[in-house]
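# Architecture and fold: a report
In case you want the letters, here they are:
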Amino acid sequence: MNLGYEERDGALVVHAELRDPQTPTCTCPNPKVRKHGKRAVEFKDHPIQRQPVFLRINRQRYRCEGCKMTLMEDLPGIDTNRLMTVRFRNQLAIDAIPRTFRDAGLLNGVEESLARRIFHSYAAKRLENYTFELPRVLGMDEKVIQGSPRFVMGDVETRKMLDLQPSRRLLDLEAYLHTLDGREKVEVITQDMYWAYKTINERFFRRAMVVIDKFHVVRYANLAVESVRKSVQAKLANEGRVSLKRKIRLLAARPENLSEQGKYALKSLLSDYPAIGTAVTCKEWFYDIYQCQNRAEAERAYQAWLDLLPPEMEKHFKPILSFMKNRRWRQLIFNYFEHPYTNAYIESLNGLIDQINRAGRGYDLRYGNVKPLTELYAFALRLDDPETDVILSTMVGHGVDVSTFERDLVAGSFW
Ligand SMILES: [Zn+2]
């Protein structure tokens, strides 16, 4: 009940009291609760036109004669711990979702630290009942959020994100995985070549087959082309250097996906720069290893690729040569041909991650991870990319025809 208001130091103080006060009950064996004076308490509420507002309530005190305890009148709609109304507290938490804590604080006339604390408890409460089951095919990847790589885990088959952890350090991953039940149900894990994933997967998922995500593998073939382009470019006069730099995107594309015009541009570029042509050919043939139908065929295709790789290309393709030399990595890479799963689903997270990154540094990740998670869970992740089917159905096509590769290499062109 509103009993009038006053202004004090620029704030609006509204006097209020409960319409029908309830006498509290005491839980002791001999409860005998009596009124015991009143005390004025102020609770912060929504600002009105930027003016801070307080509810001033004469709160009834009680005393139990049985146990000598002091009891307070119950105040519905009031968070007595935080000295604010529940509606104001909830508004603060909701305002802190799309904003930094600083902005949410400014908007509501409170300190940044208070906005942060309120958001944390709100988020923890929302996540309290969040559970998920480990899937049959588990994806492990990372996304850089505010400068640090975060551990992302998803269900590859349903393309849903399951969890986001602030760190992917080995110790943190171990502590986290210890808390997960049903690890024995996981049959396949897709991961990149981050050693800590390999370590934990060997330890926590002994039954699962680990597959190195193919996009993380073929990426190095694109990097090799880039490396060749840079070395060619460095030897050119200014003009050629600039024009070659403009071709970065052309070289990054798969030739088969280019328009007729693009194909023509690429062809003439490669005839102008034979070293780049060789690099692109090697890259394309490396990609083609993934067209193989089974592990044995892929192993042979890789060996053929390796045998035919021109010596001058070796330093550019060195990352591929070295991880393939490692027996364990190589085995995990070729596991793809038994379980052709990739982490492509994770690409659909990018838009969301960008959004988090734009929200700025006030976004606290220890709990900030909570928000996108619940939101994501609500809308099953989908890849809307028209290339989805291409990406997800890679087990098509043919084995590598070595003689064609050889001919292409010698001709300096991949057509
Ligand atoms: Zn009592």
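Residues numbered from 1 in each chain as written. Predicted model: local features only at pLDDT ≥ 70, side-chain atom pairs only at ≥ 80, totals over all residues.

### Looking at the overall build of the chain
Scanning the chain for helices and strands turns up 18 helices and 12 strands. Residue pairs at least 24 apart in sequence account for 61% of intrachain contacts in the chain once pairs closer than 6 positions are excluded. (Helix = DSSP H or I, 4+ residues; strand = E, 2+ residues; numbered from the N terminus. Contact = placed C-beta atoms within 7 Å.)

### A word on the environment of Glu17
The topology assignment puts Glu17 in the loop between β2 (11–16) and β3 (33–48). The exposure class of Glu17 is partly exposed, given the 17 C-beta atoms found within 10 Å. For Glu17 and Leu55, which are 38 residues apart along the polypeptide, the C-alpha to C-alpha distance reads 9.2 Å. (Buried ≥ 20, exposed ≤ 12 C-beta atoms within 10 Å, placed from the backbone.)

### Re the nonpolar core
Counting 52 residues, the largest nonpolar core has Ile189, Val211, Ala224, Ala279, Cys282 and Ile289 as the members making the most contacts within it. Shared between two domains, this core holds at least three residues of each, these being domain 2 (137–212 + 343–392) and domain 3 (214–340 + 394–411). Counting 18 residues, the second largest nonpolar core, distinct from the first, contains Phe54, Leu55, Ala96 and Ile118. (Core = buried A, V, L, I, M, F, W, Y, C linked by C-beta atoms within 7 Å. Domains from an automatic or database assignment.)

### Let's talk about the pairing of strand β9 (residues 148–155)
Looking at chain direction, strand β8 (residues 137–145) and β9 are connected through eight bridges and run antiparallel. Residue pairing for β9: Met140 is matched across the bridge by Met153. Pairing between β9 and strand β10 (residues 160–165): five bridges, direction antiparallel. For Val152, the partnering residue across the bridge sits in β10 and is Leu164. The turn linking β9 back onto β10 is made up of four residues, and Arg159 within it adopts a positive phi angle of 55°. (Pairing = 2+ DSSP bridges.)

### Some remarks on the sheet that holds β10
Judged by pairing direction, the sheet is mixed, and its five strands sit side by side in the order β10-β9-β8-β11-β12 without closing on themselves. Each edge of the sheet is formed by a strand with only one pairing partner; in this case those strands are β10 and β12 (209–212). Across the sheet, the axes of successive neighbouring strands diverge by a mean angle of 25°, strand direction being ignored. Both strand β11 (residues 188–191) and β12 contribute to a ladder of four bridges, which runs parallel. When the bridges of β12 are listed, Gln191 appears paired with Ile212. Packing against the sheet, helix α5 (residues 195–204) makes contact with β8, β11 and β12, and its axis sits at approximately 170° to β11. (Axes fitted to C-alpha atoms, helices over the stretch in contact; angles between N-to-C directions.)

### Considering the confidence of the model for the chain
Predicted confidence across the chain gives a mean pLDDT of 80, with 82% of residues reaching 70 or more. Within the model, the stretch residues 360–415 combines pLDDT values under 50 with 96 contacts to residues more than four positions away or in other chains. (pLDDT = per-residue confidence, 0-100.)

### Observations concerning the pairing of β8
Pairing geometry for β8 and β11, over three bridges, is parallel. Its bridge partner lying in β11, Gly139 is registered against Thr190.

### Some words on the environment of Arg150
In this structure, Arg150 sits in strand β9. In the structure, Arg150 is positioned 17 residues away from Ser167 in sequence and 5.0 Å away in space, judged by C-alpha atoms.

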